[in-house]
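Chain by chain, the residues run as shown.
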Amino acid sequence: MLISHSSDGDLLRVTLHRHLDIVTRAAAAREIEALVHAHRPRRVPLGLPAGEPTPATLGTALRAHRICEGLEIPLHLAGASTAMHRLLTANIA
């Protein structure tokens, strides 16, 4: 299982269970997009695995951010390293 989710009112929690590779990146991004469209939450915390993110994990987080941004839904990283926060911030600016 690449991701899991839970919904509580206007909150959709999405968790990546492991760092992604090029093969799993597209599947995870599609699944996150489907969840966001199905639940239409007001907030999305995206839980990431510990450790240095792979480029595919970063790409998936960026894609999730763009999906949520397009729907005016705030997305924030939960449990991400400082390095991951910096990489995401640098790539969305």
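Residues numbered from 1 in each chain as written. Predicted model: local features only at pLDDT ≥ 70, side-chain atom pairs only at ≥ 80, totals over all residues. Heavy atoms only, no water.

(A) View of the overall build of the chain. Check the secondary structure of the chain and you find three helices and four strands. Along the chain, from the amino end to the carboxyl end, the secondary structure elements read β-β-α-β-α-β-α. Here the C-alpha radius of gyration of the chain, 12 Å, is about what a compact globule of 93 residues would show, namely 12 Å. Its C-alpha atoms give the chain principal-axis dimensions of roughly 30 × 30 × 20 Å. Relative to its 93 residues, the chain shows a buried fraction of 40%. Within the chain, counting contacts between residues at least 6 apart in sequence, those at least 24 apart form 72% of the total. Accessible surface computed for the chain: about 5200 Å², of which carbon and sulfur atoms make up 53%. Here the chain carries 10 positive and 8 negative side-chain charges, and the mean point of each set is 2 Å from the other. (Helix = DSSP H or I, 4+ residues; strand = E, 2+ residues; numbered from the N terminus. Rg over C-alpha atoms; globule rule 2.2 N^0.38 Å. Buried < 20%, exposed > 50% of the residue type's maximum accessible area, 1.4 Å probe, protein only. Contact = heavy atoms within 4.5 Å. Areas by Shrake-Rupley, 256 points an atom, 1.4 Å probe, with all protein chains shown as cover. Lys, Arg positive; Asp, Glu negative; His and termini not counted. Charge placed at Lys NZ, Arg CZ, Asp CG, Glu CD.)

(B) Here's a closer look at helix α1 (residues 22–39). Between its first and last C-alpha atoms α1 spans 27 Å; for 18 residues at 1.5 Å apiece the expected length is 26 Å, and the two agree. For α1, the complete set of buried residues consists of Thr24, Ala28, Ala29, Ile32, Leu35 and Val36. Taken around the axis of α1, the buried residues stretch over an arc of 135 degrees, which confines them to a single face. In α1, those exposed residues whose orientation departs by more than 90 degrees from the buried face are Val23, Arg30 and Ala38. On its buried side, α1 packs onto β1 (3–8), β2 (11–16), β3 (44–47) and α2 (55–70). Where α1 begins, the side chain of Asp21 points an oxygen toward the backbone nitrogen of Val23, at a separation of 3.0 Å. Phi turns positive, to about 45 degrees, at Arg40, one or two residues after α1. (Expected span 1.5 Å × (residues − 1). Arc of directions from axis to C-beta. Polar contact = N/O pair within 3.5 Å; in protein donor to acceptor, adjacent residues only side chain to side chain.)

(C) Examining the packing of α1 against α2 more closely. Taken N-terminus to C-terminus, the directions of α1 and α2 make an angle of 20 degrees; their axes are 9 Å apart at the nearest point. If you check the angle between α1 and α2, you find them roughly parallel. You can see that α1 and α2 cross each other, and the crossing is right-handed. Residues Ile22, Arg25, Ala28, Ala29, Ile32, Glu33 and Val36 of α1 touch α2, and the partners they reach there are Ala56, Thr60, Arg63, Ala64, Ile67 and Cys68. Partitioned by chemical class, the residues of the contact of α1 with α2 number nine nonpolar, one polar and three charged. (Axes fitted to C-alpha atoms, helices over the stretch in contact; angles between N-to-C directions. Parallel < 35°, antiparallel > 145°, perpendicular 65-115°, else oblique. Left-handed = near helix turned anticlockwise from the far one by under 90°. Nonpolar A, V, L, I, M, F, W, Y, C, P; charged D, E, K, R; others polar.)

(D) Quick look at the nonpolar core. In terms of nonpolar packing, the biggest core is built from 25 residues, with Ile3, Val14, Val36, Val44 and Leu46 touching the most fellow members. Of all the secondary structure elements, the ones that give two or more residues to this core are β2, α1, β3, α2, β4 (75–78) and α3 (82–92). For this core, the leading source of residues is α2, giving seven residues. (Core = buried A, V, L, I, M, F, W, Y, C linked by side-chain atoms within 4.5 Å.)

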